[in-house]
Amino acid sequence: MSDASYNLDHLTELEAESIYVLREVAAQFDRPAILFSGGKDSIVVTHLAAKAFAPGRIPMPLVHIDTGHNFPETLEFRDNLVERLGARLIVGSVQATIDSGKVQEETGANASRNRLQTTTLIDTIEEHQFDACIGGARRDEEKARAKERFFSHRDDFSQWDPKNQRPELWNLFNGKHAPGEHFRVFPLNNWTELDVWNYILRENIALPSLYYAHDRVCIRRAGQILAHSEHLNLRADETPEMMHVRFRTLGDLTITGAFESDADTLEKIIDEVAATRITERGGRMDDKRSDSAMEDRKKEGYF
Amino acid sequence: MGHTEHNGLLRFTTAGSVDDGKSTLIGRLLYDSKSIFEDQLEAVESASNQKGIDGTDLSLLTDGLKAEREQGITIDVAYRYFATPKRKFIIADTPGHIQYTRNMVTGASTADLAIILIDARHGLLEQTHRHSFIASLLGLQHVVVCVNKMDLVEYSEDRFNEIVAAYKEFSSRLDITDIKFIPISALYGDNVVESSENTPWYGGGTLLHHLETVHVGADRNLQDCRFPIQYVIRPQTDAHRDFRGYAGRVASGVFKVGDEVVAMPSGQTSKIKEIFVGDAQVEKAFPPLSVAMTLENDIDLSRGDMLARPNNQPSKRKLLDAKICWLSETPLNLGTKYILRHTSSESQSRIAKIHHEIDINTLHRVEGVSEISVNAIARIQIKTASEVLVDDYRRNKTTGSFLLIDPSTHQTVAAGVIDDLNTQA
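What comes next is a walk through the structure. The model shown is predicted, which means the values in this text are computed figures rather than measured ones.

Here is what the cut-offs are and how they apply
Residues numbered from 1 in each chain as written. Chains lettered and ligands numbered in written order. Predicted model: local features only at pLDDT ≥ 70, side-chain atom pairs only at ≥ 80, totals over all residues. Heavy atoms only, no water. Helix = DSSP H or I, 4+ residues; strand = E, 2+ residues; numbered from the N terminus. Buried < 20%, exposed > 50% of the residue type's maximum accessible area, 1.4 Å probe, protein only. Areas by Shrake-Rupley, 256 points an atom, 1.4 Å probe, with all protein chains shown as cover. Pairing = 2+ DSSP bridges. Axes fitted to C-alpha atoms, helices over the stretch in contact; angles between N-to-C directions. Contact = heavy atoms within 4.5 Å. Patch = residues over 30% accessible without salt bridge, like charges linked within 9 Å, V, L, I, M, F, W, Y side chains within 5 Å. Salt bridge = Lys/Arg side-chain N within 4 Å of Asp/Glu carboxyl O. Lys, Arg positive; Asp, Glu negative; His and termini not counted. Charge placed at Lys NZ, Arg CZ, Asp CG, Glu CD. Left-handed = near helix turned anticlockwise from the far one by under 90°. Nonpolar A, V, L, I, M, F, W, Y, C, P; charged D, E, K, R; others polar. Core = buried A, V, L, I, M, F, W, Y, C linked by side-chain atoms within 4.5 Å. Phe/Tyr/Trp six-rings, centres within 6.5 Å; stacked < 30°, edge-to-face > 60°.

**Considering the overall build of chain B**
Part 1 of the argument: On a plain count of helices and strands, chain B comes out with 7 helices and 23 strands.
Part 2 of the argument: A buried classification covers 60% of the 425 residues belonging to chain B.
Part 3 of the argument: A total of about 17200 Å² of accessible surface is found on chain B, and carbon and sulfur atoms cover 45% of it.

Below is the structure:
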C-alpha cells in the first residue's frame, strides 16, 4: 500500500516525534517540568505539550530561571501564556542566588548573569525534586549538542558526562534513575532553526514582539548590536542610538545580539532566516568565550 | 526560498573510519548544499590553518566534542541536519573506531538508509562487511555504496566495476533489497552534489540526487494495526469529566473512526469513537502519527497495553528468540534478571539460552559461547515474566524491537530484534 495520502511533510513528522517524547516524559517520571525561557524554542515546546495532553492541561509546571536581566516583553509574554494555558509557573531567581552569597556577580564591561543561571537552575531542580527537565535545545544549534540524547542523564550533581551517555535506540527511551539523579529531555532535538520558524508559521504560534523588527535604542560593541538597558555597563566610546532591529534568539538583555532588520512578519522572518549565512548562536557572546564554551557549561549542568 | 515545509524527511546513517573520508563526505554534503554557515566555515578554516593544512579540511565540520578534536576521532553518534528544496535530511554519523558496533546499531535503529563508504584503492574490508551486516540486521532496506577516493585510482571504470561485483557477491547473503553504487571523490566533490566530468562512463545520478529521490514511504507497514498505549489522558475538568483519551504513536497500520479494535492483553473489544491530534479531530491515524483515541465503551486499557484488530493481532509471548547487540561494558550474565522494555511495556526477564554469537566480520556463527561482551552480536532466547505482544522485526520495527535494562544500574545493556516467531510459548 503506498497511497500518497499517507505521506507526511517533515514538520508533521517532527511534531509527532516531539509529542511522543513529551508523553513519554509524563509516563516515565514522577516530577517532570518544562524549562521555559520565553524564547521561541521553549514556546514551541510548550505549544507541543499543550497538543500532547489535550484536552487536558499540561501535566507539569513551567519553570523559568529569571536572571533579573530579562527583557520586560519576555516576562509579560510568559505571564499571559501561563494564564491562557492554565499552567503552573515556578520562578527561580538568579538575584536570590546572588543575594544568598552562593555566587558572585561578574564585573566589567562584558559582565553577564548567563553562567550564574546554572546554580539557580540546579538549586530549583533540587528544591522541587524535579526528575525530568524538558528543554528546547536542538542538536543543530551547536557542535556539543550534536551528540545529545532525547533523554539525557544527569548525575547527582546535575553534571553531563558526554562519554557516558546511555545508548538510545529506536524510540525506546530509558528514563530509569536513582534518587537525586535527573534527566534533561530535548523534544526538539531533530528540529532546525528553520523548522521551528516554519512550524510557528504553520501553527500560528504567538511570540514575544522582540522577534519582530522594531525601533530600539542600541549600542554597537565588538561587531554586535546590544539593546541599551540599565543592566548594560556602557564604555566611554559607546553612544546609544535608535535602530530598527529584531532578535534572533532571546537570552539576557546583556548578551543577546540584535541585528538590523525589516522583517516584521513571520513570512519575512522565515525568508531572512533561510537566507542568513550566520548561525543563530553566532550572535551570542556567551558562546564566543572559547571553542568549547558550550560543552564546558553543559557539563556543569547548563540548559 | 525557506518554505520547505512540503517535503518529506529522510533519515540516513553513515559509517566508516576516519580514513574512509566519511567526515569529508558529510562535510561536502553540508558545504555543497549550502548548509554551512559562514561563522562555522570561518572556524573550520582557521582550524585548518592551525593544523598546517592547505585549503579547508571539511572533515573538521563534523568534529563535535573536545576530546574528539584533541584525539582526531569520533567517539559517539552525532546527528547532522541539512535540507535541500526537495527534502530534509537527518544524518546519524557513526564513528568507525571505538565502540563501532554499538554506535552503528544505534545510528541504524532510526535510519531509512545507510551510506557505506569503500576506499577505491582498498576494496571491501572487514569493516565493509560489518557495516553492511548491521544495516541488514537493523532492517535497513536501502543501502548506498559510495566507492570513494576515485581520484586516487584515475577514475577507473574497471576498478569501480570490480568493487561493485565483489560487493554484490558478498551482499547476496544479506537481507537488503535496494543497493545503489556511486563512484565519488568526497575530497573533490565528484558525483556527490554535482555530476563529475571525470566519470563519463557512469550513467547514474549523484549521491545527493539519489538521497533526494529515493522512495522510502513503502517501507512503512500500513497493514497490521498496532497502537501501543503510551499514556491515558484524563482531564477531569468540568468540560471533559468523563474523557479518556488513549494516547500513543501508531506503530503500524491504519486506524479509522468506527473501526473495531481489540485491547491486548485483555482481549476486550470496542470501536474507535474519535481520533485527536491536539484539539483537532481526524478521521484516521497511521504511522508515525502521535494521536489520542477515545473508544465507544469503557474497557481495561493502560500504558503497556496495545490496540490491534480482532483478525490481526501480535503474538503473545513469554519466550522470545532474538538477535541482540550487547551495549554494556559489563558482559551478559546468564543468571542476571533484566528488565525487558518493549514498546511502552516492561517485563522482568532473564536470558534462557545463548544460541550462538555472530562474528560480524565474517558473518560466521560462533557456537558454545557462555559470555557476551560489549559490542558483540548474539542470538539468544529470553524468558519473560509476563506476556509480551510482539511481531517479527522484519515486519514491524516497533513491535519487533526491545531493550534490556539492568535493574541495579539502570543502564541500557542490550538492544534486540525479534527474528523468529516459531518458538512456542
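**Some thoughts on the overall build of chain A**
Part 1 of the argument: Of regular secondary structure, chain A possesses 8 helices and 10 strands.
Part 2 of the argument: A total of 303 residues make up chain A; the buried ones form 62% of that total.
Part 3 of the argument: Carbon and sulfur atoms make up 47% of the accessible area of chain A, which amounts to about 11200 Å² in all.

**Topic: the sheet that holds strand β6 (residues 182-185) of chain A**
Residues and elements named next belong to chain A.
Part 1 of the argument: Within the open sheet, the 6 strands sit side by side as β3-β2-β1-β4-β6-β5. Their pairing is mixed. Strand pairing shows two members of the sheet lacking a second neighbour, β3 (89-93) and β5 (151-154), which therefore form its edges. Strand-to-strand twist of the sheet, defined as the mean angle between neighbouring strand axes without regard to direction, takes the value 30 degrees.
Part 2 of the argument: The pairing of β5 with β6 spans 4 bridges and is antiparallel. Residue pairing for β6: His153 is matched across the bridge by Phe183.
Part 3 of the argument: The strands that helix α1 (residues 10-28) touches are β1 (32-35), β4 (132-134), β5 and β6; relative to β5, the one it contacts most, it runs at about 45 degrees.

**Thoughts on helix α1 (residues 22-32) of chain B**
Residues and elements named next belong to chain B.
Part 1 of the argument: Here α1 lies mainly inside the structure; 9 of its 11 residues are buried.
Part 2 of the argument: Within α1, the full set of buried residues consists of Lys22, Ser23, Thr24, Leu25, Ile26, Gly27, Arg28, Leu29 and Leu30.
Part 3 of the argument: Of the residues one or two after α1, Lys34 is the one with positive phi, at around 60 degrees.

**What to know about the side chain of B:Ser345**
All names here are of chain B.
Part 1 of the argument: Relative to the helices and strands, Ser345 is located in strand β19 (residues 345-358).
Part 2 of the argument: Residue Ser345 is classed as buried on the basis of its relative accessible area, which comes to 17%.
Part 3 of the argument: Setting aside anything within four residues of it in sequence, one finds Ser345 in contact with Gly304 and Leu340.

**Some words on a positive patch on the surface**
Residue and element names in this part refer to chain B.
Part 1 of the argument: Taken together, Lys318, Lys337, Arg350 and Lys383 make up a surface patch of like positive charges.
Part 2 of the argument: Along the chain, the position of Lys383 falls in strand β21 (residues 377-390).
Part 3 of the argument: According to the relative accessible area criterion, Lys383 is partly exposed, its value standing at 39%.

**A closer look at the packing of helix α4 (residues 100-109) of chain B against helix α5 (residues 126-137) of chain B**
Residues and elements named next belong to chain B.
Part 1 of the argument: Where α4 meets α5, the axes come as close as 9 Å, and the angle between the chain directions of the two elements is 40 degrees. Crossing hand, α4 versus α5: right-handed. Only Arg130, His131 and Ile134 of α5 make contact with α4, whose side of the interface consists of Tyr100, Thr101, Met104 and Val105.
Part 2 of the argument: Taken together, the residues of the contact of α4 with α5 sort by class into 4 nonpolar, 2 polar and 1 charged.

**Some points on the nonpolar core**
Soluble globular proteins tend to bury their nonpolar side chains together.
Part 1 of the argument: If you look at the biggest cluster of nonpolar residues, it comprises 63 residues, and the most contacted ones within it are A:Val44, A:Phe151 and A:Trp197.
Part 2 of the argument: The dominant element in this core, judged by the number of residues it contributes, is α1(A), at 8 residues.
Part 3 of the argument: Ignoring sequence-local partners within four residues, the contact set of A:Phe151 consists of A:Val21, A:Glu24, A:Val25, A:Gln28, A:Phe29, A:Glu168, A:Phe173, A:Asn174, A:Gly175, A:Phe183, A:Arg184 and A:Val185.
Part 4 of the argument: Ranked by size, the runner-up nonpolar core spans 42 residues in total, among them B:Val147, B:Leu174, B:Ile176 and B:Cys325.

**Concerning the sheet that holds strand β5 (residues 142-148) of chain B**
Neighbouring strands of a sheet are bound in pairs by backbone hydrogen bonds; such pairs are parallel or else antiparallel.
Residue and element names in this part refer to chain B.
Part 1 of the argument: Sheet architecture is open: 6 strands sit in the order β2-β3-β1-β4-β5-β6, paired in mixed fashion. The open sheet has two edge strands, β2 (78-83) and β6 (178-183), and neither has a second partner. Looking at each pair of strands side by side, their axes are set apart by 25 degrees on average, direction ignored.

**Description of the packing of aromatic side chains**
Aromatic ring pairs are reported here in terms of the distance separating the ring centres and the angle at which the planes meet.
All names here are of chain A.
Part 1 of the argument: Per the counting criterion, the structure on display carries 21 aromatic pairs over all chains.
Part 2 of the argument: Between Phe29 and Phe183, the ring centres sit 5.6 Å apart and the planes meet at 55 degrees, which makes this aromatic pair tilted. With Phe29 in the loop between α1 and β1 and Phe183 in strand β6, the pair connects residues that are 154 residues apart, well separated along the chain.
Part 3 of the argument: Both rings, one in Trp197 and one in Tyr211, keep their centres 5.5 Å apart while their planes meet at 85 degrees; by these two values the pair is edge-to-face.

**Focus on the pattern of salt bridges**
Residues and elements named next belong to chain A.
Part 1 of the argument: Counting across every chain of the model gives 36 salt bridges over all chains.
Part 2 of the argument: Here Asp41 ties to Arg138 by a salt bridge, and the two come within 2.9 Å at their closest N and O atoms. Here the residue Asp41 occupies a position in helix α2 (residues 40-52), and Arg138 occupies one in the loop between β4 and β5, the gap between them amounting to 97 residues. Like Asp41, the residue Arg138 is buried in the burial classification.
Part 3 of the argument: The shortest N-O distance in the salt bridge between Asp79 and Arg78 comes to 3.0 Å.
Part 4 of the argument: Classification of Asp79 by relative accessible area gives partly exposed; the value is 38%.

**Quick look at the pairing of strand β1 (residues 8-15) of chain B**
Residue and element names in this part refer to chain B.
Part 1 of the argument: Of all the 8 residues making up β1, 7 are buried; the element is thus mostly covered by neighbouring parts of the structure.
Part 2 of the argument: Pairing between β1 and strand β3 (residues 87-94): 8 bridges, direction parallel. Paired with Phe12 across the strands is Ile91, a residue of β3.

**Details of the environment of A:Asp155**
Residue and element names in this part refer to chain A.
Part 1 of the argument: You can see Asp155 is positioned in the loop between β5 and β6.
Part 2 of the argument: Through-space distance from the C-alpha of Asp155 to that of Pro32 is 16 Å; in sequence the pair is 123 residues apart.
Part 3 of the argument: Residues within four places of Asp155 in sequence aside, it is in contact with Gly180 and Glu181.

**Some points on the pairing of strand β18 (residues 337-342) of chain B**
Residues and elements named next belong to chain B.
Part 1 of the argument: With 5 of 6 residues buried, β18 is to be regarded as a mostly interior element.
Part 2 of the argument: Both β18 and β19 contribute to a ladder of 6 bridges, which runs antiparallel. Bridge pairing in β19 places Arg341 opposite Glu346.
Part 3 of the argument: Across 3 bridges, β18 lies against strand β22 (residues 401-405) in antiparallel orientation. When the sheet's bridge partners are listed, Ile339 is paired in β22 with Ile405.

These figures come from the coordinates and say nothing about function on their own.
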